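Report on the structure
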Amino acid sequence: MNLTQFIGFGVAGNFAGHLEQAGEAKDFENVVTTEESQPKAIFPFYVPNSDSFLATFPLSSTEIKMPQGADNLQIEPEVAVLFNIEYDQNKQVTALHPFAFAAYNDCSIRKPNAKKICEKKNWGASSKGISANQLAVNSLEKGGELDHFRIACYHKRQQVLTAYGIDSPIAGYNYFNQKLIDWIIDRMNHQPDQGPMNNIAELLQQANYPTQAVISIGATRYTEFGETNYLQVDDTSIVVVYDGRKYSEEQIKQFAAQETFPADISALVQKVIA
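Residues numbered from 1 in each chain as written. Predicted model: local features only at pLDDT ≥ 70, side-chain atom pairs only at ≥ 80, totals over all residues. Heavy atoms only, no water.

Where an unreviewed UniProt entry is consulted, the protein appears under the name Valyl-tRNA synthetase, with the organism given as Gallibacterium salpingitidis.

Spelled out as structure tokens, the structure:
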């Protein structure tokens, strides 16, 4: 699948406690939400045809390139959903139709004074990750297939494997199912260029109204190790999205240690390179 034609967005603040662990809660203190559990914003990480750094395709399924001068790079374990986008005659987004999902690493530089979220997200090719094994899904409806999947994350350094993210159910997101889709559509049409946020409608126009999107729906909480340890060159980042009815956390850890996974698991294994 050629993802270079997809526009790329992420959801900020969709898992309780993640922003606080990442030291980013302050970035959003002036963002008004209608309920406490609501995510803070959506942000761009890739905009085809943009006249900014966002025009560089950042996704890789095999490596993360260490940005120059950065020593505070963290894995952000997520699930990404691939959507078809529907517009009306006025180019307002009217529907998002999911057709696949995958393990995703919203790898981020911790920049406490960045003006926009996107400034921490795309520093060039191979700055983010999506699994090459994308699994089919045709709905995010409550009680559907995705409700049974979980997200795990591991870090490997000199063959030592350590849990980096807390193994978490996808159904544990603050916003999920149709509620999440409805909120994303609203943000695509109405999010202002304000504080850490971008005007998404303007970006869709820049990208010539793409018909498909990769949307990562939020990072899970870190383990104590993940919260306090940053990536180094030659480390390996592993994000796994798996069906909790079929596999146990211990089995996933064993697969991660071997870096080999069954075909019904979406796994993303990335080597950190200089």
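So that's the structure; there's more coming.
**Re the overall build of the protein**
Heads up, the condition is: Secondary structure is summarised from DSSP: a helix means a run of H or I of at least four residues, a strand means a run of E of at least two, and numbering begins at the N terminus for each. Note on method: radius of gyration uses C-alpha positions; expected globular size equals 2.2 Å times residues raised to 0.38. Buried, partly exposed and exposed residues are distinguished by accessible area as a fraction of the type maximum, computed with a 1.4 Å probe on protein chains only: under 20%, between the cut-offs, and over 50%, respectively.
For the protein, the helix and strand inventory stands at five helices and 15 strands. A globule of 274 residues ought to have a C-alpha radius of gyration of about 19 Å, and the protein, at 17 Å, matches this closely. Each principal axis of the C-alpha distribution contributes one length, and for the protein these read about 55 × 45 × 35 Å. Across the 274 residues in the protein, those meeting the buried criterion constitute 56%.

**Here we look at the packing of aromatic side chains**
Defined as follows: Pairing of aromatic rings covers Phe, Tyr and the six-membered ring of Trp, with a centre-to-centre limit of 6.5 Å; geometry is then stacked below 30 degrees between planes, edge-to-face above 60, and tilted otherwise. Two conditions define a charge sitting above a ring: the NZ of Lys or the CZ of Arg must be within 6 Å of the ring centre, and it must be within 35 degrees of the ring normal.
Summed over the entire model, instances satisfying the criterion amount to 11 aromatic pairs. Relative to phenylalanine 255, the ring of tyrosine 247 has its centre 5.8 Å away and its plane inclined at 80°; by these criteria the two rings are edge-to-face. Feature note: the residues Tyr164, Tyr222 and Phe225 constitute an aromatic cluster, connected by ring pairs. Geometry around tyrosine 87 places lysine 91 over its ring, the cationic atom sitting 5.9 Å from the centre.

**So, the environment of threonine 4**
Our working definition: Pairing of N or O atoms within 3.5 Å defines a polar contact, subject to two protein rules: one partner must be a possible hydrogen donor and the other a possible acceptor, and residues neighboring in sequence count only if both atoms are side-chain atoms.
Looking at the secondary structure, you find threonine 4 in the segment before β1 (7-12). The class for threonine 4 is partly exposed, based on a relative accessible area of 26%. Sequence separation between threonine 4 and valine 47 is 43 residues, and the spatial gap between their C-alpha atoms is 9.2 Å. In this structure the side chain of threonine 4 is engaged in a polar contact, spanning 2.5 Å, whose partner is the side chain of asparagine 2. Within the local environment of threonine 4, its side chain forms a polar contact with the side chain of glutamine 5, the two groups lying 3.3 Å apart.

**Some thoughts on the pairing of strand β11 (residues 149-157)**
Heads up, the rule is: In short, DSSP must find at least two bridges between two strands for them to pair.
Most of β11 is tucked away: seven of the nine residues are buried. Inspection of the sheet shows β11 paired to strand β14 (residues 236-243) by eight bridges, in the antiparallel sense. Residue pairing across strands places arginine 150 opposite tyrosine 242, the latter belonging to β14. Direction of pairing for β11 relative to strand β12 (residues 160-169): antiparallel, over a ladder of seven bridges. What sits directly across from arginine 150, in β12, is proline 169. Between β11 and β12, which pair antiparallel one after the other, the connecting turn spans two residues, and glutamine 158 there sits at a positive phi close to 50°.

**A few points about unusual backbone geometry**
Positive phi values are uncommon outside glycine, yet glutamine 158 reaches one of about 50°. Inspection of the secondary structure assignment puts glutamine 158 in the loop between β11 and β12. Classification of glutamine 158 by relative accessible area gives exposed; the value is 74%. Even without being a glycine, glutamine 159 presents a positive backbone phi close to 70°. Mapped onto the elements of the fold, glutamine 159 is located in the loop between β11 and β12.

**Comments concerning the nonpolar core**
As a reminder of what qualifies: Among the buried residues, those of types Ala, Val, Leu, Ile, Met, Phe, Trp, Tyr and Cys that are joined through side-chain atoms within 4.5 Å form a nonpolar core. By definition, residues are in contact when any of their heavy atoms lie within 4.5 Å.
Core analysis: the biggest nonpolar cluster contains 55 residues, and Leu96, Phe101, Ile170, Ile184, Met188 and Ile215 have the highest contact counts within it. Sort the elements by how many residues they give to this core and helix α2 (residues 177-190) lands first, with six residues. Discounting chain neighbours no more than four positions away, the residues touching isoleucine 215 are Phe9, Val11, Val79, Ala80, Val81, Phe83, Leu96, Ile184 and Met188.

**Overview of the sheet that holds strand β15 (residues 266-273)**
We apply this condition: What counts as an axis is a line fitted to C-alpha atoms, over the stretch in contact for a helix, and the angles between N-to-C directions run from 0 to 180 degrees.
Spatially, β4-β15-β14-β11-β12 is the arrangement adopted by the five strands of the open sheet, whose pairing is mixed. What marks the edges here is a single partner per strand, and that holds for β4 (63-65) and β12. Strand-to-strand, the axes of this sheet are offset by a mean angle of 20°, without reference to chain direction. Bridge count between β4 and β15: three bridges; the pairing is parallel.

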